[in-house]
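Structural description and commentary
Listed below, chain by chain, are the residues.
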Amino acid sequence: MKKIQMVDLQSQYRRFKTEIDAAIHEVLDSSAYINGPAVKGFQAALEEYLGAKAVIPCANGTDALQIALMALDLAPGDEVIVPSFTYVATAEVAALLRLSIVMVDVDPQTFNLRAEDVEAAITPQTKAIVPVHLFGQSCDMQPIIELAEKHQLYIVEDNAQAIGADYSFPNGEQKKTGLLGHIGCTSFYPSKNLGAYGDGGAIFTNDEALADKIRMIANHGQNRRYYHDRVGVNSRLDGIQAALLHVKLKALDEFSAARQKAADYYDAAFAELEEVQTPYRAPYSSHVFHQYTLLVPADQRDALQAHLQAAEVPCMIYYPLPLHEQAAFEGFARKAKAELPNTEMLCQQVISLPMHSELETDQLAYVAEQVKAFFKK
């Protein structure tokens, strides 16, 4: 059995080595490293895949979120609602822009933002909602969209963990995550479902006016060279990363199917473990399993992690400390309610197992055996 990796980038590269090497060498031969044919080709392919009118590649997922909020022309002190159970970047960019961050609780089943928690947090100062499609599954967006329309709020989706997932509206219409609100943001960090071999990100929208502002902001605030109409940033996806992402984009649905197959194996293996809650799959969303995250009793979680590590099974805790308890946000953020019980419970009970497109049956079996062995003890 091969050594188990949390994310096996080597095996995936070997599978696509010929195509990736050729794509990279094409960029090297052309010497078009910035905004060249490789970037434009990937951008067009991602627009087609997502059904987006505009994709604007950028340097990383955090930049994508910051540029998206900058495009909304928010003022310091304007409130942005974010889940407290998420990666720091979601709130970090709002703090950098001197916005007021309002942290809310999440659904204990899906780990995602809920409309009822958002609604309770809305004030006259609220200007935007940032739903995070955590671990590969969409938030239930229809009621969030209705709230945003009612209160005239922007929606900026953090889609870094769910690219390729589909959301089903109550009327049967389906859309890709990231195109359900006003702006969607993603990351191409190497471990993501669509990962580069370095940093990268993208912003997508179906609003042409917002797309024009986003392009300008990402390019030093200019749409004509040396004429700067607003303060912007320098955030670009380089040609080599775009070229290999274009190759991998063609296999993204294949990657998702492989992750779903691995999740099915785990689900069946843990079905009779009373102490383990496997990932809930919402009926309104496909699940592309950026992470496969279990809920286990809080008093056993750390011991399970130690057991797995001793058995050479990698595992991770996403996230051990909620955003509302992070020292960095003192003075920038507030909790929407006195207590965020679901968030605090999740931080004590979650543990993520190896999940990627290259997992083999013997590896899955070994991981499952080790989890079951722990609870049998």
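Rules of the game
- Residues numbered from 1 in each chain as written.
- Predicted model: local features only at pLDDT ≥ 70, side-chain atom pairs only at ≥ 80, totals over all residues.
- Heavy atoms only, no water.
- Helix = DSSP H or I, 4+ residues; strand = E, 2+ residues; numbered from the N terminus.
- Buried < 20%, exposed > 50% of the residue type's maximum accessible area, 1.4 Å probe, protein only.
- Lys, Arg positive; Asp, Glu negative; His and termini not counted.
- Salt bridge = Lys/Arg side-chain N within 4 Å of Asp/Glu carboxyl O.
- Contact = heavy atoms within 4.5 Å.
- Pairing = 2+ DSSP bridges.
- Axes fitted to C-alpha atoms, helices over the stretch in contact; angles between N-to-C directions.
- Core = buried A, V, L, I, M, F, W, Y, C linked by side-chain atoms within 4.5 Å.

Moving on, we come to the side chain of Lys192. Tracing the chain through its elements places Lys192 in the loop between strand E8 (183-187) and strand E9 (201-205). No salt bridge is formed by the buried Lys192; its nearest oppositely charged neighbour, Asp158, is found at 7.7 Å. Aside from chain neighbours lying at most four places away, what touches Lys192 is Ala160, Gln161, Ser187, Arg259 and His290.

Most peptide bonds take the trans form, and the phi angle of most residues other than glycine is negative. Looking along the chain, the bond that leaves Tyr318 and enters Tyr319 is cis, with omega of 15 degrees. Here Tyr319 is to be found in the loop between helix H11 (298-310) and strand E13 (333-335). With a phi close to 70 degrees, Phe111 is a non-glycine residue in the positive phi region. When you line up the elements, Phe111 lands in the loop between strand E3 (100-104) and helix H6 (115-121). Given a relative accessible area of 7%, Phe111 falls into the buried group. Positive phi, normally seen in glycine, also occurs at Tyr226, with a value near 75 degrees. You can see Tyr226 is positioned in the loop between strand E10 (222-224) and strand E11 (227-228).

Our next topic: the sheet that holds strand E4 (residues 126-129). Within a sheet, neighbouring strands are paired by backbone hydrogen bonds and run either parallel or antiparallel to one another. Ordered in space as E1-E9-E8-E5-E4-E2-E3-E13, the 8 strands form an open sheet in which the pairing is mixed. Either end of the sheet is taken by a strand with one partner, and the two such strands are strand E1 (54-58) and E13. Along the sheet, successive strands turn relative to each other by an average axial angle of 25 degrees, direction set aside. Bridge count between strand E2 (residues 79-83) and E3: 5 bridges; the pairing is parallel. Bridging from a neighbouring strand, Pro83 pairs with Val104 of E3. The strands touched by helix H3 (residues 37-50) are E1 and E9; relative to E1, the strand with the most contacts, the crossing angle is about 135 degrees.

In this structure, Leu69, Leu72, Ile101, Val156 and Ile183 are the most contacted members of the largest nonpolar core, which totals 35 residues. At the level of elements, E1, helix H4 (61-71), E2, helix H5 (89-96), E3, E8 and helix H8 (208-218) are the ones that each hand at least two residues to this core. By residue number, the principal contributor to this core is H4, which donates 7 residues. Here Leu69 is in contact with Leu74, Val93, Ala94, Leu97, Leu99 and Val156, once residues within four sequence places are set aside. Leu46, Ala196, Ala202 and Val247 belong to the second largest nonpolar core, which has 31 residues in total.

With that settled, the discussion passes to the pattern of salt bridges. Scanning the entire structure with this criterion turns up 17 salt bridges. Notably, a salt bridge pairs Lys2 with Asp8, separated by 3.7 Å at the nearest N-O pair. Take Asp8: its relative accessible area is 8%, and that puts it in the buried class. The partner of Asp264 in a salt bridge is Arg281, and the shortest N-O contact between them spans 2.9 Å. Note that Asp264 is positioned in helix H10 (residues 252-269) and Arg281 in the loop between H10 and strand E12 (292-295), a separation of 17 residues in sequence. On the basis of relative accessibility, which here comes to 32%, the residue Arg281 falls in the partly exposed class. What you see here is one network of salt bridges that share partners, running through Lys2, Asp8 and Glu360.

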